[in-house]
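Observations on chain architecture
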Amino acid sequence: MNINYNNEQTPIKEIDLNQQKSFTSPKQNSDRFIPRNVQSNLYQLFMHEEENHVPNSKQYQNLLQSTILGTGFVNEKKQASTPIQQKLFNYKTEQKTNEVSNLNSILQNGLNYSNQKSKQVVENDKPARKINKRPYKVLEAENLQDDFYLNLLDWSPQNVLAVGLENQVLIWSGHTSKVTRLCTLDDPDSVCSVSWSQRNHHISIGNTLGEVEVWDAQKFKPIRKWSGHQGRIGSLSWNNYLLASGSRDRNILVRDVRCPNESIQKYIGHKQEICGLKWSFDEQLLASGGNDNKLFIWSLKNQGELTHFSQHQAAVKAIGWSPHQHNVVASGGGTADRCIRFFNTQTIEQIDSIDTGSQVCNLMFSKNSNEFVSTHGYSLNQIIVWDYTTMQKLATLTGHTQRVLYLSGSPCGQNIVTGAGDESLRFWNVFPSQALRNEPGVTSLRAETIDLR
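Residues numbered from 1 in each chain as written. Predicted model: local features only at pLDDT ≥ 70, side-chain atom pairs only at ≥ 80, totals over all residues. Heavy atoms only, no water.

1. Topic: the sheet that holds strand 19 (residues 304-309)
Read across the sheet, four strands follow the order 16-17-18-19 without closing on themselves; strand pairing throughout is antiparallel. Because the sheet does not close on itself, it has two edges, and the strands there are strand 16 (274-279) and strand 19. Ignoring which end each strand starts from, the neighbouring axes of this sheet average 25° apart. In terms of strand pairing, strand 17 (residues 285-290) meets strand 18 (residues 295-299) through five bridges, oriented antiparallel. Across the sheet, the residue bridging to Gly289 is Leu295, located in strand 18. (Pairing = 2+ DSSP bridges. Helix = DSSP H or I, 4+ residues; strand = E, 2+ residues; numbered from the N terminus. Axes fitted to C-alpha atoms, helices over the stretch in contact; angles between N-to-C directions.)

Listed below in structure tokens is the structure:
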């Protein structure tokens, strides 16, 4: 039976971020400091000249002119008097040698110099894109498991978020913010992975018994149920109507959801549990990561292994394909490795690597810019946004108090949601929109990086 939860009853509850008060004092934000002794010193310079201690206004004005502008003044009593040499402020006129030299260079070199110089100025003065370091929404997710080998969070193209909590799958609507329970598994079974189809409202669920269920989320009913694995299914990935499942039994099964029969392909190669699966954007290659520290690349056309990479020194869960270069895949290693490595599946070689300093749990490329995001566990529990062209950090987001084990992206490509063992889901705005991809500060997609098919 399907149950709609109220906000007071659901295991997923929204936290009101507006309740957090700001304790910043207006004085702390002030950048002005005016010393009071400036007026008094300036005033007292002529106090001794008058017996009644009342300053002459004309002399006072002359002193201001002399002190600020550095010019002499005329004393009413002594027309030829020498201006007082004491100055409270010293000013020095800067020599604009750079502008003169630039002008001479322009006259000598013509437009070529001008174009080159203006191009350098634009590149150097390009403002960095600002990324909000606070989440715009936080949901409590009671009983969200702290297990590195599971994948319990996914955001559908229809803007519906699915979360696996123990033996339940709950869905949160991004349009209405309502939470609904999709299904409940029989005890002692529990949810190990969830994954939305990119074509329709179908969602796949992997459990601890080695079974895969496919549900129609609109009709709230199951349409497929397969067995075949001998261990829990910690990872799932869709490719059109094909669904790949990775299990603790070290095998990968590929099934067609349109037919009720068993798997159409079986991939064998990993020596330990499979904890990461991801199809490439051209839907021809499947990347899998395992607890054996290996990253395998499987070919759908050849129905088997294309290659595998052994550079990681810990389990490989984090996998992300570049949507702009279809032959580039990134993977992240666990606590003993801490590295993000980039591979070219066409030349079969590693092309780059980054030592992040902490366990890499997830990777995802931006659809709108040449950037990617990684989430981390031991020991920093961070979310990092990277510029892929420079391999430099754009922002570091904090807030989770335990490992950030789960990550998914919104349909628009701007937002991400992260989940952690602290039983919270946090929503962040990290990537530019499609309309802003060519704005200053946004790493645009270069023509040579796009694989035209």
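Resuming the write-up.
2. Structural notes on unusual backbone geometry
The omega torsion across Asp187 and Pro188 is 5°, close enough to zero to call that bond cis. Structurally, Pro188 can be placed in the loop between strand 7 (179-184) and strand 8 (191-196). In this model, Tyr378 is joined to Ser379 through a cis peptide bond whose omega is 5°. Relative to the helices and strands, Ser379 is located in the loop between strand 25 (371-376) and strand 26 (383-387). A positive phi angle, close to 55°, is found at Gln303, a residue other than glycine. Inspection of the secondary structure assignment puts Gln303 in the loop between strand 18 and strand 19.

3. Here's the deal with the environment of Arg403
Counting through the fold element by element, Arg403 comes out in the loop between strand 27 (392-397) and strand 28 (406-409). By relative accessible area, Arg403 is classed as buried at 9%. Along the backbone, Arg403 and Asp422 are 19 residues apart, and their C-alpha atoms lie at a distance of 7.9 Å. Those residues in contact with Arg403, other than ones at most four positions away along the chain, are Asp146, Asp147, Phe148, Gln359, His376, Gly377, Tyr378, Asn381, Gly419, Ala420 and Gly421. Among the polar contacts listed, one links the side chain of Arg403 to the side chain of Asp146, at a separation of 3.2 Å. (Buried < 20%, exposed > 50% of the residue type's maximum accessible area, 1.4 Å probe, protein only. Contact = heavy atoms within 4.5 Å. Polar contact = N/O pair within 3.5 Å; in protein donor to acceptor, adjacent residues only side chain to side chain.)

4. Examining the nonpolar core
Grouped together as the largest cluster of nonpolar side chains are 37 residues, with contacts concentrated most on Leu144, Leu161, Val163, Ile205 and Leu425. Of all the secondary-structure elements, those providing two or more residues to this core are strand 3 (137-141), strand 4 (153-155), strand 5 (160-165), strand 6 (168-173), strand 7, strand 8, strand 9 (202-207) and strand 30 (424-429). Among the elements that take part in this core, strand 5 stands out by supplying five residues, more than any other. Every residue in contact with Val163, bar those within four places of it in the chain, is listed here: Ile12, Leu144, Leu152, Leu153, Gln168, Val169, Leu170 and Leu425. Val328, Leu363, Ile384 and Tyr388 belong to the second-largest nonpolar core, a separate cluster that totals 14 residues. (Core = buried A, V, L, I, M, F, W, Y, C linked by side-chain atoms within 4.5 Å.)

5. Side note on the environment of Asn132
Tracing the chain through its elements places Asn132 in the loop between helix 4 (111-124) and strand 3. Placed 296 residues apart in sequence, Asn132 and Trp428 show a C-alpha to C-alpha distance of 7.7 Å. A distance of 3.0 Å separates a polar atom in the side chain of Asn132 from the backbone nitrogen of Arg134.

6. Comments concerning the sheet that holds strand 21 (residues 328-333)
Here four strands make up an open sheet; going across it, the order is 20-21-22-23 and the pairing antiparallel. This sheet does not close on itself; its edge strands, each paired only once, are strand 20 (316-321) and strand 23 (349-355). When the angles between neighbouring strand axes are averaged without regard to direction, this sheet yields 20°. Here strand 22 (residues 339-344) pairs with strand 23 via six bridges, running antiparallel. Paired with Arg341 across the bridge in strand 23 is Ser353.

7. As for the pattern of salt bridges
For the coordinates displayed, the defined rule picks out twelve salt bridges. In this structure, Arg341 and Asp337 form a salt bridge, with 3.3 Å as the shortest nitrogen-oxygen distance. Among the charged side chains, a salt-bridge network with shared partners connects Asp147, Arg232, Arg248 and Glu273. (Salt bridge = Lys/Arg side-chain N within 4 Å of Asp/Glu carboxyl O.)

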